[in-house]
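Listed below, chain by chain, are the residues.
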Amino acid sequence: MQFKLSLVAASLLATLTLTGCNDDSSSTTTTPDVENPSPETGNPTPVTTGQFIDAKVQGLDYVIGTKAAQTDAEGNYELGAENGTLSFYIGGKDGLLIGSVSGRAVTTPFEAAGTYERSINLARLLLTINEHNDDSTIIIPSLIKDNPSADIQAALAKITLDDGYFEKSVQTLLKLLDSKALVAADDAQKHMQASLNPEQLQRGSEEVLTQWAKGSNQIIIHRSANLRVKNNSDKTFKTVIHQDQQNGKYIGGLSLMNYKLTDDQFTILAGSNDSTIEKTSTLPSFVYEMADEAEVSTENKMEPWSEIETMGSPYTCMTAKNCSERLLTQANLEYIERQDGDHKQKEAQSGTYDPVTQVYTQIRSKEYLDGDYAGRISESIEFFYPVTDAKTDRFVDFTGTWTAKETRPDCTNVAVSKMVFNDKGLILTGNEFKPTPENKCNTITIQDTQLTPYSKLAKIDFWWFGINKAGISLATLDQLNTTVRWNDKDTGETNDNFKINRFSYIPAGKAWDQGLLVRDTLNDNGDKIATITMKKS
């Protein structure tokens, strides 16, 4: 097993085909199997107000509890006594739902939107529609923030922040606003780099997070997933597939690291595995990357703290005695550093600590500048969080009621449904798309509510159900940020019907279940068939 540093070299590429792979994610030996809450670390100091920053954003809609409001001229939002989870929108609740976050002092596109790609595209959108005459502040246009028309809200609801569909999906809105050309990704990144400069913007409390410090004897779990890659020979990014359904079983796996912060050593606990193998794919827009099960560690490994402190956030913070939310929450969107000998890498990353969930989330885009991987760009997401012991993990529990909204790229309508997960499975009511040869945008109303058991759900959309030993309706954070290829073949059918689901989720709220789950369904060419956003009531 090779211990990955904060700036990691790419995993060793292997020209293996998926057929014949013996990995089986349904029996993962490295996943802790007991569900307990996070360790008692004291309640964070309550925050009563916060700011939305990509520059200060005025007129951004937000909902917290029963309160709906807009950010003021300083980008401020009010948390008040509710101090719960915020959901951010452009154009109100019938417009574009950006994402949901725990109540915090500063929210940026990275916390709100999730992945690197979605965050940069959100910044592009905000800068493009800015009603201000410069970018020192961002003002949402009056046509959006002041009683938007049905056409404006419909155009906003159709926007998707990821992949090539983003630029296409914003065009209707930009025509309605008679706006200038869409801001380029590089310009949006540079703007956020200036706005999030830690010398000008202090993000979070300076209260010491004792459980993150050297000598705390705390167990920290580190989960991660590469989301997409672009090699020098590729024209566009390829989505990383982590699981593939073969003969009714999912083949694949995700990396997992467990650390213990002792006084003398940084300990990598037995059962850790961060070794992955990239496998060739016959699908033009995808690449397979799965955990190398042969590399699971069988014993603890000690690393000196002098080595750990050079690895960047969050490891540098773990080494310090004054590790805090402010030290953990940093953005470095463009810099070059040497790693693995003389190899150069350029990395953009945003790391943020949520004192409510106690999760540190890091979003990265990394380009290799020389060596065998010169020109390769990879984007990933990582989660670090404390647990009570080495056999304990934390999960998102789906039990409860979720509101789901489905859109399709070439359809103007939106299908809204209610999804209730109980102890047996899913009950769905409302509307869903049911294309016909005559009408590809046809929707139907589900009149008779029927229970779909978890055993069936696990074979389709919600692949993680039943995998985690602590409970059937639970998912880990990396599982909620995977891409999965599955066979949508009905019982009795002989022809395969493969689809690809790509998930994105950032935890919010104490139980981690108040975030926004985005699920894109793609075909083998990478074309988007549908997008569903789900939020728990």
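Analysis parameters
Residues numbered from 1 in each chain as written. Predicted model: local features only at pLDDT ≥ 70, side-chain atom pairs only at ≥ 80, totals over all residues. Heavy atoms only, no water. Disulfide = S-S within 2.5 Å. Buried < 20%, exposed > 50% of the residue type's maximum accessible area, 1.4 Å probe, protein only. Helix = DSSP H or I, 4+ residues; strand = E, 2+ residues; numbered from the N terminus. Polar contact = N/O pair within 3.5 Å; in protein donor to acceptor, adjacent residues only side chain to side chain. Salt bridge = Lys/Arg side-chain N within 4 Å of Asp/Glu carboxyl O. Pairing = 2+ DSSP bridges. Axes fitted to C-alpha atoms, helices over the stretch in contact; angles between N-to-C directions. Phe/Tyr/Trp six-rings, centres within 6.5 Å; stacked < 30°, edge-to-face > 60°. Lys NZ or Arg CZ within 6 Å of the ring centre and 35° of its normal.

## A short note on the state of the cysteines
In step 1: Applying the stated criterion across every chain yields a total of two disulfides.
In step 2: Note that C317 is cross-linked by a disulfide to C323, the S-S spacing being 2.2 Å. Residues C317 and C323 are joined by a disulfide whose S-S torsion is about 115°; by sign, that bridge is right-handed.
In step 3: A residue is classified by how much of its surface remains accessible, and C317, at 6% relative accessible area, is buried.
In step 4: Covalently, C411 is tied to C441 through a disulfide, its sulfur atoms 2.0 Å apart. Measuring handedness by torsion sign, the sulfur bridge of C411 and C441 sits at about -85° and is left-handed.

## A word on the side chain of T392
In step 1: For T392, the location among the structural elements is in strand β24 (residues 392-393).
In step 2: A distance of 3.3 Å separates a polar atom in the side chain of T392 from a polar atom in the side chain of T388.

## Considering the pattern of salt bridges
In step 1: Evaluated as defined, the whole model comprises 28 salt bridges.
In step 2: Among the salt bridges present, the one from R223 reaches D393, with a minimum N-O distance of 2.7 Å. With R223 in strand β11 (residues 219-230) and D393 in strand β24, this pair connects stretches of sequence that are 170 residues apart. Accessibility assignment for this pair places R223 and D393 in one class, buried.
In step 3: For R364, the salt bridge goes to E382, with nearest N and O atoms at 2.9 Å. Taken as a pair, R364 in strand β22 (residues 359-368) and E382 in strand β23 (residues 377-387) lie far apart in primary sequence, 18 residues in all.
In step 4: According to the relative accessible area criterion, E382 is buried, its value standing at 7%.
In step 5: Through salt bridges with shared partners, a single network forms among D162, R502, D520 and K528.

## What about the sheet that holds strand β5 (residues 67-70)?
In step 1: Taken together, the four strands give an open sheet; going across it, the order is β5-β4-β7-β8, and neighbouring strands pair in antiparallel fashion. Since the sheet does not close on itself, it has two edges, and those belong to β5 and β8 (96-102), each with one partner. Neighbour to neighbour, the strand axes of the sheet diverge by 25° on average, direction disregarded.
In step 2: One ladder, built from four bridges, connects strand β4 (residues 61-64) with β5; its direction is antiparallel. Bridged to D61 within β5 is Q70.

## Regarding the sheet that holds strand β2 (residues 49-52)
In step 1: The strand order β6-β2-β9 describes an open sheet built from three strands, whose pairing is mixed. In the strand order of this sheet, the two ends are held by β6 (76-78) and β9 (106-107), each with one partner.
In step 2: Here β2 pairs with β9 via two bridges, running parallel. Its bridge partner being in β9, Q51 is matched across the sheet by V106.

## Comments concerning unusual backbone geometry
In step 1: The step from S313 to P314 runs through a cis peptide bond, and the omega angle for that step is 5°.
In step 2: Within the secondary structure, P314 sits in the loop between α8 (305-308) and α9 (315-319).
In step 3: Although it is not a glycine, N147 adopts a positive phi angle of roughly 50°.
In step 4: Along the chain, N147 falls in the loop between α3 (142-145) and α4 (150-157).

## Describing the packing of aromatic side chains
In step 1: Applying the stated criterion to the full structure yields 28 aromatic pairs.
In step 2: Centre to centre, the rings of Y62 and F88 are 6.4 Å apart; their planes meet at 50°, and the pair counts as tilted. Separated by 26 residues along the polypeptide, Y62 in strand β4 and F88 in strand β7 (residues 85-90) bring together distant segments of the chain. A single burial state applies to Y62 and to F88, both of which are buried.
In step 3: The interplanar angle of 85° and the centroid separation of 5.5 Å between the aromatic rings of F398 and F465 together place this pair among those described as edge-to-face. In this pair, F398 is assigned in the loop between β25 (396-397) and β26 (400-407) and F465 in the loop between α11 (454-457) and β31 (474-475), connecting sequence segments 67 residues apart.
In step 4: According to the relative accessible area criterion, F465 is buried, its value standing at 3%.
In step 5: Put simply, the rings of Y250, F398, W402, F421, Y454, F462, W463, W464, F465 and F503 touch in pairs and so form one group of aromatic residues.
In step 6: The ring of F237 is capped by R228, whose NZ or CZ atom sits 3.7 Å from the centre of that ring.
In step 7: Taking the ring centre of F498 as reference, the NZ or CZ of R485 above it sits at 3.9 Å.

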